[in-house]
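A look at the structure
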Amino acid sequence: MGFFDFMTEDIAIDLGTANTLIIHNDKVVIDSPSIVARDRISGKIIAVGKEASMMQGKTHENIKTIRPLKDGVIADFDASEKMISLFIKSIPALKKRMFTPALRMVVCIPSGITEVEMRAVKESCERVNGKEVYLIHEPMAAAIGIGIDIMQPKGNMIVDIGGGTTEIAVIALGGIVCDKSVKIAGDVFTNDIVYYMRTQHNLFVGETTAEKIKIQIGAAIEDLETPPEDMSVQGRDLLTGKPKQVEVSYREIAKALDKSIQRIEDAVMETLSQTPPELAADIYNTGIYLAGGGSMLRGLDKRISQKTDLPVYIAEDPLRAVVRGTGMALKNIPKFKSILIK
């Protein structure tokens, strides 16, 4: 076994709709957008990650940018496999190796995922030389990453707002007691902003611009204590067809996102209403933990707190909470045996 161990590398992957993160030797070595650019004629992948995301919305007919994951699951099997393989090959420590080492991997998946979708993730990983592939549910990984001792007989509630899905789960005794996965998350927020700019300002903006707006001035409530400055947004005027610029305030974005955030609130309320009373008592004391990129939306913690009357905490470095937890599970596979799906 010793020789095989020497030949094996351990990696933890958070295969996200928006970003893919990989941990190797306890360090985040890859943190890139989940996007690839393909040459239409040769069918070759010409760029991946940040490089490909810069091409998004700016391509001619011979280049196509693909986001292989949609709603947290693999939508384009071929592109996702190439993407994972290119990411793994670009890990600095593995570059030195003459041939690709065998990999032991832990990959996280949304909790609302079907058997078929689960198998797609597993097969993608096995094709890039994954000899032992374990899967872990995202809310679980997020909880471990936040630093919750999930094996305790104590209830904790996690809300993980990613790019494709929002995962809400109540966790106790190393298992998910009740969970809900809704397909309203970062991507939907971005589309809400595109739609709002179109209808309110007659301005056509691309996804990349809409995402910049979301990050720079996005908000969940209309009265923030420390409001961000207004932002100048450029795009195409739908009436004249000319490029134009408008000023947008965070209040407008809060209006644009209101409906989607309401649906996330409803999902949280529904999960709370299905929680067994003993765990509900725990959650009254521990509150709700937010993770994922969506949790960085200004005022979202406050808004969920007002809706649920519970304290709401945002994980530190919420974008990496899930991959941190996946990495911890990888380091201690025997301890987390019960929650890893082989």
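Please read these numbers as outputs of a predicted model, since none were measured by experiment.

Conventions used here
- Residues numbered from 1 in each chain as written.
- Predicted model: local features only at pLDDT ≥ 70, side-chain atom pairs only at ≥ 80, totals over all residues.
- Heavy atoms only, no water.
- Helix = DSSP H or I, 4+ residues; strand = E, 2+ residues; numbered from the N terminus.
- Rg over C-alpha atoms; globule rule 2.2 N^0.38 Å.
- Buried < 20%, exposed > 50% of the residue type's maximum accessible area, 1.4 Å probe, protein only.
- Contact = heavy atoms within 4.5 Å.
- Lys, Arg positive; Asp, Glu negative; His and termini not counted.
- Charge placed at Lys NZ, Arg CZ, Asp CG, Glu CD.
- Domains from an automatic or database assignment.
- Buried area = accessible area lost by both parts, 1.4 Å probe.
- Pairing = 2+ DSSP bridges.
- Axes fitted to C-alpha atoms, helices over the stretch in contact; angles between N-to-C directions.
- Salt bridge = Lys/Arg side-chain N within 4 Å of Asp/Glu carboxyl O.
- Phe/Tyr/Trp six-rings, centres within 6.5 Å; stacked < 30°, edge-to-face > 60°.
- Lys NZ or Arg CZ within 6 Å of the ring centre and 35° of its normal.
- Core = buried A, V, L, I, M, F, W, Y, C linked by side-chain atoms within 4.5 Å.
- Expected span 1.5 Å × (residues − 1).

What follows is about the overall build of the protein. Assigned secondary structure in the protein consists of twelve helices and 18 strands. Scaling as 2.2 N^0.38, a compact globule of 342 residues should have a C-alpha radius of gyration of about 20 Å, and the protein matches this with 21 Å. Dimensions of the protein, computed from the C-alpha atoms along their principal axes, are close to 70 × 60 × 35 Å. When burial is assessed residue by residue, the protein has 51% of its 342 residues classed as buried. Counting only contacts in the protein whose residues sit at least 6 apart along the sequence, the fraction spanning at least 24 positions is 64%. Each charge class in the protein was averaged separately, 42 positive and 45 negative side chains, and the resulting centres sit 6 Å apart.

If you check the domain split of the protein, you get domain 1 (148-184 + 259-318) and domain 2 (186-256). Taking the mean C-alpha position of each, domain 1 and domain 2 sit 27 Å from one another. Contact with domain 1, which involves 15 residues of that partner, is made by 17 residues of domain 2. A combined buried area of about 1300 Å² lies between domain 1 and domain 2, and 58% of that area is made up of carbon and sulfur atoms.

Another aspect to go through is the pairing of strand β12 (residues 166-172). Burial runs high along β12: seven of the seven residues are buried. Burial along β12 is two-sided: the face carrying T166, I168, V170 and A172 and the face carrying E167, A169 and I171 are both buried. Sheet topology places strand β11 (residues 156-161) next to β12; six bridges connect them, and they run antiparallel. Among the inter-strand pairings, I158 is bridged to a residue of β12, identified as A169. The turn linking β11 back onto β12 is made up of four residues. As paired elements, β12 and strand β13 (residues 175-182) share seven bridges and run antiparallel to each other. Paired with V170 across the bridge in β13 is C178.

Sheet architecture is open: five strands sit in the order β13-β12-β11-β17-β18, paired in mixed fashion. Of all strands in the sheet, those with a lone pairing partner are β13 and β18 (312-314), marking the two edges. Taken over all neighbouring pairs, the strand axes of this sheet differ in orientation by 20° on average, direction set aside. Strands β11, β12, β13 and β17 (288-291) of the sheet are contacted by helix α6 (residues 138-146), whose axis makes an angle of about 65° with β12.

This model, assessed by the stated rule, comprises 16 salt bridges. Across the salt bridge formed by E270 and K180, the nearest N and O atoms sit 3.8 Å from each other. One end of the pair, E270, is in helix α9 (residues 250-273); the other, K180, is in strand β13, and 90 residues separate them in sequence. Since its relative accessible area comes to 23%, K180 is described here as partly exposed.

What follows deals with the packing of aromatic side chains. One pass over the full model with this rule turns up one aromatic pair. The interplanar angle of 35° and the centroid separation of 5.7 Å between the aromatic rings of Y289 and Y313 together place this pair among those described as tilted. In this pair, Y289 sits in strand β17 while Y313 sits in strand β18, placing the two residues 24 residues apart along the sequence. It is K342 that lies over the ring of Y134; its NZ or CZ is 4.6 Å from the centre.

What follows is about the environment of L239. When you line up the elements, L239 lands in the loop between β15 (231-237) and β16 (243-248). As for L239 and I146, which are separated by 93 residues in sequence, their C-alpha atoms are 48 Å apart.

What follows is about the sheet that holds strand β5 (residues 45-48). As summarised here, the arrangement of the three strands in space is β5-β4-β6, forming an open sheet in which the pairing is antiparallel. The sheet terminates laterally at β5 and β6 (63-66), the two strands that pair on one side only. Neighbour-to-neighbour, the strand axes of the sheet open up by a mean angle of 20°, direction not taken into account. Sitting on the sheet, helix α3 (residues 77-89) touches β4 (36-39), β5 and β6, and the angle it makes with β5 is about 60°.

Core analysis: the largest hydrophobic core is formed by 46 residues, its most contacted members being F189, M197, I213, V233 and I288. If one sorts the elements of this core by residue count, α9 sits on top with nine residues. Each of two domains, domain 1 (148-184 + 259-318) and domain 2 (186-256), supplies a minimum of three residues to this core. Apart from the residues lying within four places of it in its own chain, the contact partners of V233 are M197, L203, V205, T209, I213, K244, Q245, V246 and V248.

Let's shift gears to the pairing of β11. Of all six residues that make up β11, six are buried, and the element is covered over most of its length. Residues N156, I158 and D160 of β11 are buried on one face, and the alternating residues M157, V159 and I161, pointing to the opposite face, are buried as well.

Right, let's get into helix α5 (residues 115-127). In this model, α5 (13 residues) spans 18 Å end to end at C-alpha, consistent with the 18 Å of a helix rising 1.5 Å per residue. If you check which residues of α5 are buried, you get M118, A120, V121, K122, S124 and C125. In this structure, the buried residues of α5 make contact with β8 (73-74), α3, β9 (102-109) and β10 (130-137).

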